[in-house]
Amino acid sequence: IGLLECCARCLIGAPFASLVATGLCFFGVALFCGCGHEALTGTEQLIETYFSKNFQDYEYLIDVIHGFQYFIYGTASFFFLYGALLLAEGFYTTGAVRQIFGDYRTTICGKGLSATVTGGPKGRGARGPQRIHSWQRVCQCLGKWLGHPDKFVGITYVLTIIWLLVFACSAVPVYIYFNTWTTCQSIANPTKTTASIGTLCADARMYGVLPWNAFPGKVCGSNLLSICKTSEFQMTFHLFIAAFVGAAATLVSLLTFIIAATYNFAVLKLMGRGTKF
């Protein structure tokens, strides 16, 4: 067969849902980790410069921020490895499903999938020993490891629940900065509010960022407006929004992985191809 036809047959076994989910996962994790790291650094600088004059007041906050930054490093490493593993699993189970329906039988890897994931022939047939291609052997070895979509569904489901908590936590700083930005808008347009400008404040203590005995702990009036106009505040606010969007994209990718793996597992299970799941 020609090169184009061979490539077309190989593409038949490509898990397009897993490919999209993997790209979305890598994009979301990179956005969440990169922007989240820089946003936390910007928050630390804003607290040190405007909200507290005593290092002991925000010493614990700095430790928490550094802890979150280390968590971000670990999250990035884990998701890039796990995303690649899910993509490999998607290739195997999707290829096995399409081999069942006769769309993937012509490829060497499809024959390997038949021998590992779907419980097909393993080198001997009705006419005696058959030669197994080296690439087919590679597929068989990998299939023994990756041909269990039920396990990946369970792990990804637990990971999705955990990531829901991370997604909710990423919304908290966006909420805090949005409230501060809204207060600044009221100060900049005094005609739109009945409150006195001097009483419009951003209090870091009320969010648990600083202890209640921190001084000054809050910034009010024109001083707060000047902070909102700084590039540090604007950049940190937008970085937290980008990190929130990245967390949402990662959550969508995990849900896509679950749907694709569940479908493949259901098909392989219901077709009764001899696989022990």
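Residues numbered from 1 in each chain as written. Predicted model: local features only at pLDDT ≥ 70, side-chain atom pairs only at ≥ 80, totals over all residues. Heavy atoms only, no water.

**Student:** Hey, could you run me through the overall build of the chain in this one?
**Tutor:** A count of helices and strands for the chain gives 8 helices and 4 strands. When the elements of the chain are put in sequence order from the N terminus, they spell out α-α-α-α-β-β-α-α-β-β-α-α. The buried share of the chain, reckoned over its 277 residues, is 43%. Total accessible area on the chain stands at roughly 15,200 Å², and carbon and sulfur atoms take up 67% of it. (Helix = DSSP H or I, 4+ residues; strand = E, 2+ residues; numbered from the N terminus. Buried < 20%, exposed > 50% of the residue type's maximum accessible area, 1.4 Å probe, protein only. Areas by Shrake-Rupley, 256 points an atom, 1.4 Å probe, with all protein chains shown as cover.)

**Student:** Just to check I follow, could you spell out the state of the cysteines for this structure?
**Tutor:** One covalent bond between the sulfur atoms of two cysteine residues makes up a disulfide. If you walk through the whole model with that rule in mind, you get 2 disulfides. Two residues share a disulfide in this structure: Cys184 and Cys228, whose sulfurs sit 1.7 Å from each other. With the S-S dihedral at roughly 50 degrees, the linkage between Cys184 and Cys228 falls on the right-handed side. Taken together, the residues Cys184 in helix α6 (residues 149-188) and Cys228 in helix α7 (residues 221-228) connect sequence positions 44 residues apart. Judged by its relative accessible area of 1%, Cys184 is buried. (Disulfide = S-S within 2.5 Å.)

**Student:** Explain α7 to me, please; I cannot follow it from the model alone.
**Tutor:** For an α-helix the count is 3.6 residues per turn, leaving residues at separations of three or four pointing the same way. Of all the residues in α7, the buried ones are Gly221, Leu224, Leu225, Ile227 and Cys228. For α7, the buried positions fall inside an angular range of 160 degrees around the axis, keeping them on one side. Of the residues in α7, the exposed ones pointing more than 90 degrees away from the buried face are Ser222 and Asn223. (Arc of directions from axis to C-beta.)

**Student:** When you look at a nonpolar patch on the surface in this model, what are you seeing that I'm missing?
**Tutor:** A surface patch of nonpolar side chains, about 470 Å² in accessible area, is lined by Tyr157, Val158, Ile161, Ile162 and Leu164. Tracing the sequence through the fold places Ile162 in helix α6. (Patch = residues over 30% accessible without salt bridge, like charges linked within 9 Å, V, L, I, M, F, W, Y side chains within 5 Å. Salt bridge = Lys/Arg side-chain N within 4 Å of Asp/Glu carboxyl O.)

**Student:** Explanation requested: the UniProt feature "transmembrane region" (unreviewed entry) in the chain in the structure shown.
**Tutor:** The UniProt feature table records "transmembrane region" (unreviewed entry) at residues 12-32, 70-88, 152-178 and 239-266. Structurally, residues 70-88 comprises 100% helix and 0% strand, and the distance from its first C-alpha atom to its last is 28 Å. A helix fraction of 100% and a strand fraction of 0% characterise residues 152-178, whose end C-alpha atoms lie 38 Å from each other. (UniProt positions renumbered as here; feature names shortened; annotations may be inferred.)

**Student:** Before we go on, may I ask you to explain the nonpolar core in this structure?
**Tutor:** As a rule of thumb, nonpolar side chains are buried together in soluble globular proteins. Within the largest apolar cluster, 48 residues are counted, with the highest numbers of intra-cluster contacts made by Phe32, Ile47, Phe79, Trp163, Leu210 and Leu224. Taken together, the elements giving at least two residues each to this core come down to α2 (16-51), α3 (55-100), α6, α7 and α8 (231-270). When residues of this core are assigned to their parent elements, the largest contribution, 11 residues, is made by α2. Among residues more than four places away in sequence, those in contact with Leu210 are Ile47, Phe51, Ser52, Asp57, Tyr58, Ala204, Arg205 and Gly217. (Core = buried A, V, L, I, M, F, W, Y, C linked by side-chain atoms within 4.5 Å. Contact = heavy atoms within 4.5 Å.)

**Student:** Where do I start with the side chain of Thr250 in this structure?
**Tutor:** Among the structural elements, Thr250 can be located in helix α8. Among residues more than four places away in sequence, those in contact with Thr250 are Cys25, Gly28, Val29, Phe79 and Trp163.

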